[in-house]
Amino acid sequence: MTTTTQDAYSQLVALGREAGLLKSMEGLLGWDQETTMPPGGAEYRATQLALLARLAHERLSSDEMGELISAAESSIDIEADTVEAANVRAWRRDHDRAVKLPSSLVEEQAATASAAQHEWAEARKDSDFRRFLPWLEKTVELTRRQAECYGWAEDGEPWDALAEDYEPGCTAAGVAEVFGPLRDRLKSLLDELMGASVRPSGRLDELELPQDQQMAFVRDVAGNLGFDFTRGRLDRSTHPFCGGSHCDDVRMTTRFHSGMIIDALGSTMHEAGHGLYEQGIPFEHIGTPCGSSVSLGIHESQSRMWENQVGRSRSFWEWCTPRLAGHFGDVVSEIDVEAAYQCANRVAPGFIRVEADEATYNMHIMIRFELERDLMTGNLQPADLPGAWNEKYRDYLGLEVPDDRRGCLQDIHWSMGAIGYFPTYTLGNLYCAQFFDAACEQIPGLVDGFAEGRFSPLLDWLRENIHRHGRRYTAAQLCERVTGRPLSADPLMNYLEGKLRPVHGL
Ligand code: ZN
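Residues numbered from 1 in each chain as written. Predicted model: local features only at pLDDT ≥ 70, side-chain atom pairs only at ≥ 80, totals over all residues. Heavy atoms only, no water.

Draft legend 1. The overall build of the chain, seen in detail. Within the chain, the regular secondary structure consists of 21 helices and 3 strands. Over its C-alpha atoms the chain spans a radius of gyration of 23 Å, differing by no more than 12% from the 23 Å that the globule rule assigns to 506 residues. For the chain, the spread of C-alpha atoms along the principal axes amounts to about 75 × 50 × 50 Å. Burial analysis of the chain (506 residues in total) assigns 52% to the buried set. Sequence separation of at least 24 residues holds for 73% of the intrachain contacts in the chain that already meet a minimum separation of 6. Distance from the positive charge centre (49 side chains) to the negative charge centre (79 side chains) of the chain: 2 Å. (Helix = DSSP H or I, 4+ residues; strand = E, 2+ residues; numbered from the N terminus. Rg over C-alpha atoms; globule rule 2.2 N^0.38 Å. Buried < 20%, exposed > 50% of the residue type's maximum accessible area, 1.4 Å probe, protein only. Contact = heavy atoms within 4.5 Å. Lys, Arg positive; Asp, Glu negative; His and termini not counted. Charge placed at Lys NZ, Arg CZ, Asp CG, Glu CD.)

Here it is, written out as structure tokens:
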């Protein structure tokens, strides 16, 4: 390299930002595909997205990128706690992973994922696992090859290599260590709740409410939480998500049914939590690692906090119940704070993950984690998945799965090749509870303030402690910095037991 050291870093930022720009365009096209694109656009859209993905991958894995990273590494203290050092460390990691994957495999995986998702959707409709099986087999084979390209630690396993894409630093053994005690405490809490004589009221969810009024209501709530509608949008899609381009253009979606307002509100508050995180990332870092989120688990900790710790608290409903009346009028006149609070906190084991309550949700995740781990080591063959799935639902939730549509065909993830993803949902719940405990310790009267609509102290705290850092710290470092402790299952379980027992009269 003939460049000076500062030049190397500036050039690295310029090249890295191009990859970031390409990714931001992928984000916009992806949002458009789920919200406004006519079905006829699907085929060409796949081509557009594939090109953007390839261009971003080429920039990231290029020799030029590698040389600029090396030059930057030799010019700064790479272990320093600075934005520059954090960016270079993250780019080094991303570059090294990108070059390990041959582009032929990347292309084959993209093509397989596209076809497999289509077959999965058809198979799910008809509850026809045999139809999906060849695609699952192919996906498992390709993801195992992908894991082999990445490699894993001597005492690790293939799953670790894949999880690294979603939750850097996360290993199957580490997850199992956290999930073990969580499972035991959850199981006994569920036994208690299911044996309780009190069934919380579900009346609010039974009321039929016009969907345009529901949209106005959830927008009102999201705005009050602090979501900035001059830098973001809320639209509708079949499966709610949060995407978009960057901190000043955040696109989130929600869904409505005629009843089930708690689902529409919970989905919106969840996605608003993701959106608030994105809006809290400083513009100056956009396109660099410090301008993106830490991990999916940390992202999920933000969505869950607004959805659950805020949105299912009694204080929140003290504020929200009169608002409900303001939006829907006499239809909701019979709903008081207690009825709304109970409705938001009902617990009942069910087959479907995305409809699960706060307590049973994590059981759905543990089941998927154990199964995908075994698929990767070869202890479970794809053909045996339905049997293994159903056995775990019997064991974990005491349910007899009636068909594969409500069983192993319900989630899109494995058809996309996203193996190693599921645990980030439960890790998000764990981080969330631990962060929220720290927030409560540091902000006097935090929860009581929700009753008066004071949500900004929490948002300010999250901005200061989490959002503004982007990827500067790893998830484990961030957890230690914010809470002073490594991740533990205790805060989540204390929270769930403390809230759900009284709701069920215990
Ligand atoms: Zn989420």
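Anyway, onward from the coordinates.
Draft legend 2. Here's a closer look at the pairing of strand E3 (residues 249-254). Judged by how many residues are buried, E3 sits mostly within the fold: 6 of 6 residues are covered. Side-chain alternation along E3 places Asp249, Arg251 and Thr253 on one buried face and Val250, Met252 and Thr254 on a second face that is also buried. When strand E1 (residues 232-236) meets E3, the two strands line up parallel, connected through 5 bridges. Note that in E3 the partner of Arg236 across the bridge is Thr254. Judged from the 4 bridges that link them, strand E2 (residues 242-246) and E3 form a sheet pairing that is antiparallel. Paired with Gly243 across the strands is Arg251, a residue of E3. The antiparallel hairpin formed by E2 and E3 contains 2 residues in its connecting segment. (Pairing = 2+ DSSP bridges.)

Draft legend 3. Expanded view of the coordination of the zinc ion. Donor atoms from the polypeptide that bind the zinc ion are His270 (NE2), His274 (NE2) and Glu300 (OE), placed at 2.1 to 2.3 Å. Counting gaps between the donor residues of the zinc ion yields the pattern H-x3-H-x25-E. With His274 in helix H11 (residues 261-279) and Glu300 in helix H12 (residues 296-310), this residue pair connects regions lying 26 residues apart in the sequence. Of the two residues examined, His274 and Glu300, each falls in the buried class. (Donors = N, O, S within 2.8 Å, 3.2 Å for Na, K, Ca; no water.)

Draft legend 4. Layout of the packing of helix H13 (residues 314-328) against helix H14 (residues 337-344). Running from amino to carboxyl end, H13 crosses H14 at an angle of 125 degrees, the nearest separation of the two axes being 9 Å. In terms of orientation, H13 lies oblique with respect to H14. Crossing of H13 against H14: the hand is right-handed. Contacts from Arg314, Trp317, Glu318 and Thr321 of H13 reach H14 at Val337, Glu338, Ala340, Tyr341 and Ala344. Partitioned by chemical class, the residues of the contact of H13 with H14 number 5 nonpolar, 1 polar and 3 charged. (Axes fitted to C-alpha atoms, helices over the stretch in contact; angles between N-to-C directions. Parallel < 35°, antiparallel > 145°, perpendicular 65-115°, else oblique. Left-handed = near helix turned anticlockwise from the far one by under 90°. Nonpolar A, V, L, I, M, F, W, Y, C, P; charged D, E, K, R; others polar.)

Draft legend 5. Geometry of the environment of Phe450. Take Phe450: it is sitting in helix H18 (residues 446-450). Residue Phe450 is classed as buried on the basis of its relative accessible area of 0%. Along the primary structure Phe450 and Arg314 are separated by 136 residues, whereas in three dimensions their C-alpha atoms are 8.9 Å apart. Every residue in contact with Phe450, bar those within four places of it in the chain, is listed here: Gln309, Val310, Ser313, Ser315, Phe316, Trp319, Phe436, Phe455 and Leu458.

That's the geometry; what it means functionally is another story.
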